Amino acid sequence: MRVLRRTLGTLLALAAASSCAAPHRDDAKPAASVVLTPYERLLPAPASVRAEGPGYAFGAGTVIRTGGPGAPEEVRRIGELLAEQLRGPTGLPLPVVDGAGGPGGPGVEDGDGVRLRLDGGAAELGEEGYRLRTTPTGVTLTARTPAGLFHAGQTLRQLLPVRGAGTVPGGTVTDTPRFAYRGAMIDVARHHFPVEQVKRYVDQLAQYKINTLHVHLTDDQGWRIAVDSWPRLAEYGGASEVGGGPGGSWSKDEYRDLAAYAADRYVTLVPEIDMPGHVNAAQAAYGELTCDGKAPARYTGIKVGFSSLCVSKERTYEFIDDVLGELAALTPGPYLHIGGDEAHSTPAADYARFMDRAQAVVARHGKTVMAWHQLASARPAPGAVLQYWGHDRTPAAEKAAVAAAARAGHPVVLSPADHAYLDMKYDKQTRPGLAWAGYVPAQRAYAWNPGSYLPDVPESAVLGVEAPLWTETISTRSDWELMAFPRLLSLAELAWSPSTALDWPAHRQRLAAQGPRLDAQDITYYRAPEVPWP
Ligand code: ACM
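Residues numbered from 1 in each chain as written. Predicted model: local features only at pLDDT ≥ 70, side-chain atom pairs only at ≥ 80, totals over all residues. Heavy atoms only, no water.

The name an unreviewed UniProt entry assigns to the protein chain is beta-N-acetylhexosaminidase, from the organism Streptomyces katrae. Turning to the protein chain, the UniProt record has this under Catalytic activity (unreviewed entry): "Hydrolysis of terminal non-reducing N-acetyl-D-hexosamine residues in N-acetyl-beta-D-hexosaminides." Per UniProt, the comment on the protein chain under Sequence similarities (unreviewed entry) is "Belongs to the glycosyl hydrolase 20 family." (UniProt positions renumbered as here; feature names shortened; annotations may be inferred.)

Its location among the elements puts Tyr351 in helix α10 (residues 348–364). Note on Tyr351: relative accessible area 9%, which makes it buried. When the C-alpha positions of Tyr351 and Gln443 are compared, they lie 37 Å apart, and in sequence the two are 92 residues distant. Once residues within four sequence positions are removed from consideration, Tyr351 is found in contact with Pro276, Gly340, Ala343, Thr346, Gln374, Leu375 and Ala378. (Helix = DSSP H or I, 4+ residues; strand = E, 2+ residues; numbered from the N terminus. Buried < 20%, exposed > 50% of the residue type's maximum accessible area, 1.4 Å probe, protein only. Contact = heavy atoms within 4.5 Å.)

Moving on: the sheet that holds strand β4 (residues 96–97). Read across the sheet, 7 strands follow the order β1-β9-β6-β7-β5-β3-β4 without closing on themselves; strand pairing throughout is mixed. Whereas interior strands pair on both sides, the edge strands pair on one side only; in this sheet they are β1 (48–51) and β4. Both β1 and strand β9 (residues 171–175) contribute to a ladder of 4 bridges, which runs antiparallel. Pairing of Val49 across the sheet is with Val173, part of β9. (Pairing = 2+ DSSP bridges.)

Inspection of every chain in the model, using the stated rule, returns 21 aromatic pairs. Both rings, one in Tyr317 and one in Phe354, keep their centres 5.9 Å apart while their planes meet at 40 degrees; by these two values the pair is tilted. Residue Tyr317 is found in helix α9 (residues 314–330), and its partner Phe354 is found in helix α10; the two are separated by 37 residues along the sequence. Across this residue pair, the class does not change: Tyr317 and Phe354 are buried. An aromatic cluster is present here, built from Trp372, Trp389, Tyr421, Trp436 and Trp470 joined pairwise through their rings. Across the ring face of Tyr261, the terminal group of Arg265 is positioned such that the distance to the ring centre comes to 3.6 Å. Here the guanidinium or amino end of Arg487 rests over the ring plane of Tyr426, the centre of that ring lying 3.7 Å away. (Phe/Tyr/Trp six-rings, centres within 6.5 Å; stacked < 30°, edge-to-face > 60°. Lys NZ or Arg CZ within 6 Å of the ring centre and 35° of its normal.)

Another aspect to go through is the sheet that holds strand β19 (residues 462–469). Around the barrel, which closes on itself, the 8 strands sit in the order β10-β11-β14-β15-β16-β17-β18-β19 with parallel pairing between neighbours. Each adjacent strand pair in this sheet contributes to an overall mean axis angle of 30 degrees, direction not counted. In this sheet, strand β16 (residues 368–372) lies alongside strand β15 (residues 335–339) in parallel orientation, the contact comprising 3 bridges. Across the sheet, the residue bridging to Leu336 is Val369, located in β16. (Axes fitted to C-alpha atoms, helices over the stretch in contact; angles between N-to-C directions.)

This part takes up unusual backbone geometry. Residues Leu43 and Pro44 are joined by a peptide bond in cis, for which omega reads 0 degrees. Within the secondary structure layout, Pro44 lies in the loop between α2 (38–41) and β1. Residues Phe485 and Pro486 are joined by a peptide bond in cis, for which omega reads 15 degrees. For Pro486, the position within the fold is in the loop between α14 (477–484) and α15 (487–496).

Here it is, written out as structure tokens:
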């Protein structure tokens, strides 16, 4: 058997040797574009690839087989979704058939085409891993879980050409994620966005194996989710946004629809109600949430840290119980995010007292607490997940508090603002965005190792990484996408690929190879100068 394995490293070494440019591995200057094989183009880079033998040519007769009798309905649904995703680019009919019939007749699960198989015994594939094996008779996707099968389908999409049918090269991809939590965040509070736009983002995330979308639902400038017991939150507190636009909010049915759409793509929503700060919109709607009982005006600027819930009032805790209770009932996922950042108007002792009670409310409603890492300086409840959003100038003591919490068993999600914040400008020319954590050019988004990023926080304490997009300066779909792409893809690879696969010269070639796919999906992206876009 001839093994055609060729590493991207070898190719790049050849390319570097034949040119006098780019003497340094981490050079941010433009690189020459290298022609990659379909396996080398995969992003995130898979854990293992063995290229061997001839491949499978997609054609008019290709069918998607979702297993024989007894295969779960969920596999059928994944097959239907994959077929839908492949029909446009390939131009093929791609009927979905199962063992009970269809064009292949009885026993079709062993016929030609794309075969989806759940194998409960494939322990090595874990919760989300998969194997994708290609021979001249077809492509077999195997996983222990439906999520793994879905991820396998996303890999198959990337192994086919951007347009047209094409041949999937022979070989086997065996792939499992490095981190369980692979996230993005969207701030729909500073600017309101319709659910349809968020669904579009879910599709984009799922393609790159990101499995969590944190939704920042409330802030000083707007309250975006309907709460039946406090209707003015959305009705009045939602009718504002940065810059004075009309704002808006989502009904519970819209939220449920979004959560189901995401779940169908194995993306879990993490809703955030930010407290005890970032609450001006709530207080504008209900004056009883302030200590003096007077409702402030709605706020459309971009300052932070000026509002606080009234920690000494019992009504405050009735409010958070009602809100978090309704949100927990809407939320299929395990986490409720309660913010806890930038509570500059809440004295430290009050902050700790408030967060104790808020965390107890989350637990009472059957969910696990997530909060920004400032909770580490108070009293994180058992199991609470801390989301670190510091940067290169964050004081060592603040990082040490997170490390101490990690030692006490709190999982950490890393969103270092100077690498992972998608709202930081790429450079001084970037029109939207902020720069308080510095500029984040494409390479910087990739140039950190989540497993060793925070002192004394070992990889075993890192639940994963998340790329937040704050929207103080972002109000359109194209600006949102411009800031997210390509940096989101780099975060996706840091979250999924084994640390041994992380290599900027190879990664920027993979980014470049995604350009035509982003174009084909009409995704706006920044043509970062350090990436050799075709
Ligand atoms: C944050 O950026 N205030 C979490």
